[in-house]
Amino acid sequence: MPQTTPDPAATLRPRLPSPLEQVEDNRFSRYGVRLLLKRDDLIHPDLPGNKWRKLAPNLRAAAGRPVLTFGGAYSNHLRATAAAGRLLGFRTIGVVRGDELAKRPLNPSLARCAADGMRLLFVDRTTYRTKDDPAVLARIREQTGADDVYVVPEGGSNALAATGCAELGRELRGLADVVAVACGTGGTLAGLAAGLDDGQRAVGFPVLRGGFMAEAVRSLQHAAFGGPVGDWSLDERFHFGGYARTTPGLERFAADFEARHKVPVERVYVAKLLHGLVGLAAEGAFAPGTTVAAVVTGQEDGSALDRRA
Ligand SMILES: *Cc1c(COP(=O)(O)O)cnc(C)c1O
């Protein structure tokens, strides 16, 4: 194993700044609103979207040490971390929620992690829920047998991740009035809002229920920037029942958006964001003349079909 990782950007050549595309959609244009898509899904084929922005600064900090991180059975973050380990030559350990999964064949998402060399450690849900407790984390680290590991939290969101996502905001300065993003752990919104200019605002659409997102974003901003930064808010109405939950209406909406605009719509996050934006436009939430940029934070992949089944 190499002792230091080459700079991730020099080796993986991400497409940055990511492309910004205008789409013609009458659900916005009829209100005088311009819709742009910020194509973060095109940043890198194996580390798309916010996963690149959040991981890159953490990989620099890990400096070649094994990276231990956490996720659910379909975690985009686990897949991106495993791919980075393969491409950059460092060891990865994925702690997966749900010890019952250990007895089943790997789903396509986890199979890809394993094929990329990630060591998978399945833990029961109670352990997983308390993984931020130092004693629980110490026990997990012991099980991996690796002593000098770099720990990245679930979803990849920590202070460095938020710093990386501030670049997303800076790329959009002067180009949109409102920037909208789907939220899982809140790291992307925390950084995005910090990178925007005065007069621009960010709105986040949590895909999970529970009302914890505002506090998560505040605490990430505190850790990354020392306090609240930027103008951001949340719209908590568009989770469709919670993480990875969907409805026939949402599925129709996503398929229709793909057909209209020839843009793949990732179902767990991006579909809910776009549906939310159409809803806000119809409510008159955007004044005529407003430019709204929707961040396409990731790619749809085959395993999503399996997950929805
Ligand atoms: C991980 C992920 C998110 C959530 O980002 P957070 O920083 O955790 O809020 C949003 N969209 C996609 C496609 C993702 O994979």
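Above this note sits the structure.
So, how was this worked out
- Residues numbered from 1 in each chain as written.
- Predicted model: local features only at pLDDT ≥ 70, side-chain atom pairs only at ≥ 80, totals over all residues.
- Near = placed C-beta within 6 Å.
- Helix = DSSP H or I, 4+ residues; strand = E, 2+ residues; numbered from the N terminus.
- Nonpolar A, V, L, I, M, F, W, Y, C, P; charged D, E, K, R; others polar.
- Axes fitted to C-alpha atoms, helices over the stretch in contact; angles between N-to-C directions.
- Parallel < 35°, antiparallel > 145°, perpendicular 65-115°, else oblique.
- Left-handed = near helix turned anticlockwise from the far one by under 90°.
- Contact = placed C-beta atoms within 7 Å.
- Buried ≥ 20, exposed ≤ 12 C-beta atoms within 10 Å, placed from the backbone.
- Pairing = 2+ DSSP bridges.
- Right-handed = clockwise from strand over helix to strand, strands pointing away.

Trainee: Explain the site of the ligand to me, using residue names and the numbers behind them.
Mentor: Close to the ligand lie 19 residues; Gly184, Thr185, Tyr269, Thr297 and Gly298 are nearest. Elements with a minimum of two residues in the shell around the ligand: helix 3 (49-62), helix 4 (76-88), strand 7 (178-183) and helix 9 (187-195). Of the residues that constitute the shell around the ligand, the class distribution is 4 nonpolar, 13 polar and 2 charged.

Trainee: Can you tell me about the packing of helix 4 against helix 5 (residues 108-115), naming the residues and giving the values?
Mentor: The interhelical angle for the contact between helix 4 and helix 5, taken along N-to-C directions, is 20°, at an axis separation of 8 Å. As far as their axial angle goes, helix 5 and helix 4 are roughly parallel. In this structure, helix 4 crosses over helix 5, and the sense of that crossing is left-handed. For the pair helix 4 and helix 5, the contacting residues are Leu78, Arg79 and Ala82 in the first and Ser109, Arg112 and Cys113 in the second. For the contact of helix 4 with helix 5, the per-class residue count stands at 3 nonpolar, 1 polar and 2 charged.

Trainee: So, the pairing of strand 10 (residues 291-295): which residues are in play, and what are the values?
Mentor: Counted residue by residue, strand 10 has 4 buried out of 5 residues, so it is predominantly covered. Note: strand 2 (residues 34-38) against strand 10, 5 bridges, orientation parallel. Its bridge partner being in strand 10, Lys38 is matched across the sheet by Val295.

Trainee: Lay out the sheet that holds strand 3 (residues 67-71) in plain terms, naming residues and giving numbers.
Mentor: The 4 strands lie next to each other as 5-4-3-6, forming an open sheet whose pairing is parallel. Both outer strands of the open sheet, strand 5 (119-123) and strand 6 (150-151), are each paired with one neighbouring strand and no more.

Trainee: Residue-level account of the pairing of strand 3, with values.
Mentor: Strand 3 sits mainly inside the fold: 5 of its 5 residues count as buried. Side chains Val67, Thr69 and Gly71 of strand 3 all project onto a buried face; the interleaved residues Leu68 and Phe70 project onto the opposite face, where all are buried too. Pairing of strand 3 with strand 4 (residues 92-97), which is carried by 5 bridges, proceeds in the parallel orientation. Each residue of the ladder has a partner; that of Phe70, found in strand 4, is Val95. Between the parallel pair strand 3 and strand 4, the chain is carried across by helix 4, and the sense of this crossover is right-handed. With 2 bridges joining them, strand 3 and strand 6 adopt parallel strand pairing.

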